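Here are the chains, one letter per residue:
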Amino acid sequence: MDLGVRWKLHGDGRVPAPGAVVRPDERLSWPRTAGLGAQHVVAMFGASFVAPVLMGLDPNLAIMMSGVATVVFLLATRGRVPSYLGCSLSFVGVAAVIRAQGGSSATVTGAVFVVGAALLLVGLAVRRFGARIIHATMPPIVTGAVVMLIGFNLAPVTAATYWPQDQWTALLVMLFTGLAVVCLRGFWSRIAIFLGLVFGYGISWVFDLVFGKIHSADGSGKVTDHWRLDLSGVGQADWIGLPTLHGPSFEWSAILVALPVVIALVAENAGHVKAVGEMTGDSLDDKLGTAIAADGVGSMLSTAVGGPPNTTYSENIGVMAATRVYSTAAYWAAAGFALLFGLCPKFGAVVAAIPGGVLGGITVILYGMIGLLGAQIWINAEVDLRNPLNLVPAAAGIIIGVGNVSLKFTDTFSLSGIALGTVVVITGYHALRAFAPAHLKTQTPLLDEGTSSYDEAKS
């Protein structure tokens, strides 16, 4: 059985030939491959480490399980889809809602485990019936609206939790990160979030030296005098050790809040597979279902031991595009580095010490970017918002999701925010479509014509 773990040496093994790319089944020399693997880990540092901290989960376990999930993904796709799986920011809002309802870390990981299982089932369905089922159930108007409400639902978390901890640090970090994203080029622009974190650590340290302790809310919400940057936990942490593990706990209220994220993950995976296929020149249509299913399995493995969910990372697509190296050997190296980082508690303590003000500046950009990805889906699919069939369910669902509107069914069961907004978008669109006149029903496919060969092969 070909597991995609054999690579041919590309050229002299030093650099890609002029005008050529290093294909997934090729590699450069092993030292260069290891260096590229480290580069991929750095590229996903910012978002992948911020996400578990925002979710209240162990960053050490997050990085270690991202390596495990990457290995699972590479084996499942037989090395044809180069990708690194890092912690998904799409779940941050879900975690915030669950914790606001009194849920624990086990409740969060239990809900996300079910999402991983649902993603696995979607992937298997795509393998069996073709990508047309994605378009039939989740056309671009639905997918874009759900991604948008997931991102914008997070705005109150930044406004009420992180920004007030140190507003001036938050403002400076926001400005620096924005400049890094826009003004830097190549690899450096891909790690703008990571650079923003480093800048935030530095400015917090300087402010502590110059101004002393700050009087504001700390991470628990209690207003007190405290240092902006507290590295006391770093000194107490060991250099080598296992992360903290815990089992999931399953509660229906939390599961219903988390399930809508499946839609965002399907869109992320579809976009990733399509982008990689276009860059490598290979048709990867037959791997779409496998990629989605592998993402689900990786998330299930991670959340089963207390880690966060994982998904494909666009930052790493940028690294591949900049280096012209699509070798899956580099991703195996990246997974190895991630496992090593995960076994260093001192490293996790540094991540856990991110000052609240720094998170305030970072999340303003990150959360907004998540929401605007929904708009990007609409633009790419040329969704016509003048069409009331598109406009009405999207408008209603987004307002419900962003405003955290609640619908109470019994004393113990209600739907609100992300969950209710998603239900309104999906059921509203399909219900209205059943009664809409024919001229309103013309839609642009979620995926382009590159998927048609896969559909025909499956039919």
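The name given to the protein in an unreviewed UniProt entry is Solute carrier family 23 protein, with Streptomyces levis as the source organism. Annotation of the protein in UniProt includes, under Sequence similarities (unreviewed entry), the sentence "Belongs to the nucleobase:cation symporter-2 (NCS2) (TC 2.A.40) family."

With that out of the way, let us pick up the overall build of the protein. Scanning the protein for helices and strands turns up 22 helices and eight strands. A compact globule built from 459 residues should have a C-alpha radius of gyration of about 23 Å, and the protein, at 22 Å, falls within 12% of that. Considered along the principal axes of its C-alpha atoms, the protein spans approximately 65 × 65 × 40 Å. In the protein, which comprises 459 residues, the proportion classed as buried is 54%. Across the protein, the fraction of contacts at a sequence separation of at least 24, relative to all contacts at a separation of at least 6, is 79%. For the protein, the accessible area works out to roughly 19500 Å², and carbon and sulfur atoms hold 66% of it. For the protein, the separation between the mean place of its 26 positive charges and that of its 26 negative charges on side chains is 4 Å.

What follows is about the packing of aromatic side chains. Inspection of the entire model under this criterion finds five aromatic pairs. Centre to centre, the rings of Phe113 and Phe250 are 5.9 Å apart; their planes meet at 70°, and the pair counts as edge-to-face. Taken together, the residues Phe113 in helix H5 (residues 105-129) and Phe250 in the loop between helix H12 (232-236) and helix H13 (252-258) connect sequence positions 137 residues apart. Note on Phe250: relative accessible area 47%, which makes it partly exposed. For the pair Phe207 and Phe211, a centre-to-centre distance of 5.5 Å together with 75° between the ring planes defines the contact as edge-to-face. Of this pair, Phe207 and Phe211 both sit in helix H11 (residues 192-211), four residues apart, which is roughly one turn of that helix.

What follows concerns the packing of helix H20 (residues 388-403) against helix H21 (residues 417-435). What describes two packed helices is the angle between their axes and the distance between those same axes. Contact geometry for H20 and H21: axes closest at 7 Å, N-to-C directions at 165°. It follows from the interaxial angle that H20 and H21 lie roughly antiparallel. H20 and H21 meet at a crossing whose hand is right-handed. For the pair H20 and H21, the contacting residues are Leu389, Asn390, Val392, Pro393, Ala396, Gly397, Ile400 and Gly401 in the first and Gly417, Ile418, Leu420, Gly421, Val424, Val425, Gly428, Tyr429, Leu432 and Arg433 in the second. Among the residues making up the contact of H20 with H21, the classes are represented as eleven nonpolar, six polar and one charged.

Let us now look at helix H7 (residues 140-152). Along its 13 residues, H7 runs 18 Å from first to last C-alpha, staying within 8% of the 18 Å computed at 1.5 Å per residue. For H7, the buried fraction is high: twelve of the 13 residues fall into the buried class. Buried residues along H7 sit against helix H6 (132-137), helix H8 (155-162), helix H14 (261-280), helix H19 (356-380), H20 and H21.

Bringing the pattern of salt bridges into the picture now. Tallied over the full model, the rule gives five salt bridges. Close ionic contact of Asp208 with Arg228 constitutes a salt bridge, the shortest N to O distance being 3.1 Å. Placement of Asp208 in helix H11 and of Arg228 in the loop between strand E5 (223-226) and H12 is noted, with a sequence separation of 20 residues between them. The class for Asp208 is buried, based on a relative accessible area of 9%. Put simply, Arg386 and Asp384 hold a salt bridge, and the shortest N to O gap is 3.0 Å. By relative accessible area, Arg386 is classed as exposed at 74%.

This paragraph deals with the environment of Gly421. Looking at the element boundaries, Gly421 is found in helix H21. A C-alpha to C-alpha distance of 9.7 Å links Gly421 and Ala395, two positions 26 residues apart in sequence. Gly421 has contacts with Leu149, Gly397, Ile400 and Gly401, leaving out every residue within four places of it along the chain.

Helix H15 (residues 288-304) packs onto helix H3 (residues 59-76) with a crossing angle of 150° between their chain directions and a minimal axis gap of 9 Å. In terms of axis orientation, H3 runs roughly antiparallel to H15. For the pair H3 and H15, the sense of crossing is right-handed. Contact residues: H3 offers Met65, Val68, Ala69, Val72, Phe73 and Ala76, while H15 offers Thr290, Ala291, Ala294, Asp295, Val297, Gly298, Leu301 and Ser302. Each residue belonging to the contact of H3 with H15 can be placed in one class, and the counts come to ten nonpolar, three polar and one charged.

The subject of this paragraph is helix H9 (residues 167-183). Counted at 1.5 Å a residue, the expected span for H9 with its 17 residues is 24 Å, and the 24 Å between its end C-alpha atoms agrees. Taken residue by residue, H9 has Thr169, Ala170, Val173, Thr177 and Ala180 as its buried positions. The buried residues of H9 all sit within an arc of 95° when viewed along its axis, so they share a single face. The outward face of H9, more than 90 degrees from its buried face, is lined by the exposed residues Trp168, Leu179, Val182 and Cys183.

Quick look at the nonpolar core now. Of all hydrophobic cores here, the largest spans 97 residues; its most connected members are Met55, Val92, Leu288, Ile354, Ile362, Tyr367 and Trp378. If you tally residues by element for this core, the top one is H14, at ten residues. When near neighbours in sequence (up to four residues on either side) are disregarded, Tyr367 contacts Leu54, Val92, Gly151, Leu154, Val157, Thr158 and Tyr162. Within the second largest apolar cluster, five residues are counted, among which are Leu28, Leu36, Val325 and Ala330.

This part is about the side chain of Ser66. Of note, Ser66 is situated in helix H3. Exposure remark for Ser66: the relative accessible area of 0% places this residue in the buried category. Engagement of the side chain of Ser66 in a polar contact is seen with the backbone oxygen of Ile63, the distance being 2.7 Å. Apart from the residues within four sequence positions on either side, Ser66 is in contact with Met44, Tyr84, Leu85, Gly86, Asn310 and Ala338.

Conventions and cut-offs
- Residues numbered from 1 in each chain as written.
- Predicted model: local features only at pLDDT ≥ 70, side-chain atom pairs only at ≥ 80, totals over all residues.
- Heavy atoms only, no water.
- UniProt positions renumbered as here; feature names shortened; annotations may be inferred.
- Helix = DSSP H or I, 4+ residues; strand = E, 2+ residues; numbered from the N terminus.
- Rg over C-alpha atoms; globule rule 2.2 N^0.38 Å.
- Buried < 20%, exposed > 50% of the residue type's maximum accessible area, 1.4 Å probe, protein only.
- Contact = heavy atoms within 4.5 Å.
- Areas by Shrake-Rupley, 256 points an atom, 1.4 Å probe, with all protein chains shown as cover.
- Lys, Arg positive; Asp, Glu negative; His and termini not counted.
- Charge placed at Lys NZ, Arg CZ, Asp CG, Glu CD.
- Phe/Tyr/Trp six-rings, centres within 6.5 Å; stacked < 30°, edge-to-face > 60°.
- Axes fitted to C-alpha atoms, helices over the stretch in contact; angles between N-to-C directions.
- Parallel < 35°, antiparallel > 145°, perpendicular 65-115°, else oblique.
- Left-handed = near helix turned anticlockwise from the far one by under 90°.
- Nonpolar A, V, L, I, M, F, W, Y, C, P; charged D, E, K, R; others polar.
- Expected span 1.5 Å × (residues − 1).
- Salt bridge = Lys/Arg side-chain N within 4 Å of Asp/Glu carboxyl O.
- Arc of directions from axis to C-beta.
- Core = buried A, V, L, I, M, F, W, Y, C linked by side-chain atoms within 4.5 Å.
- Polar contact = N/O pair within 3.5 Å; in protein donor to acceptor, adjacent residues only side chain to side chain.

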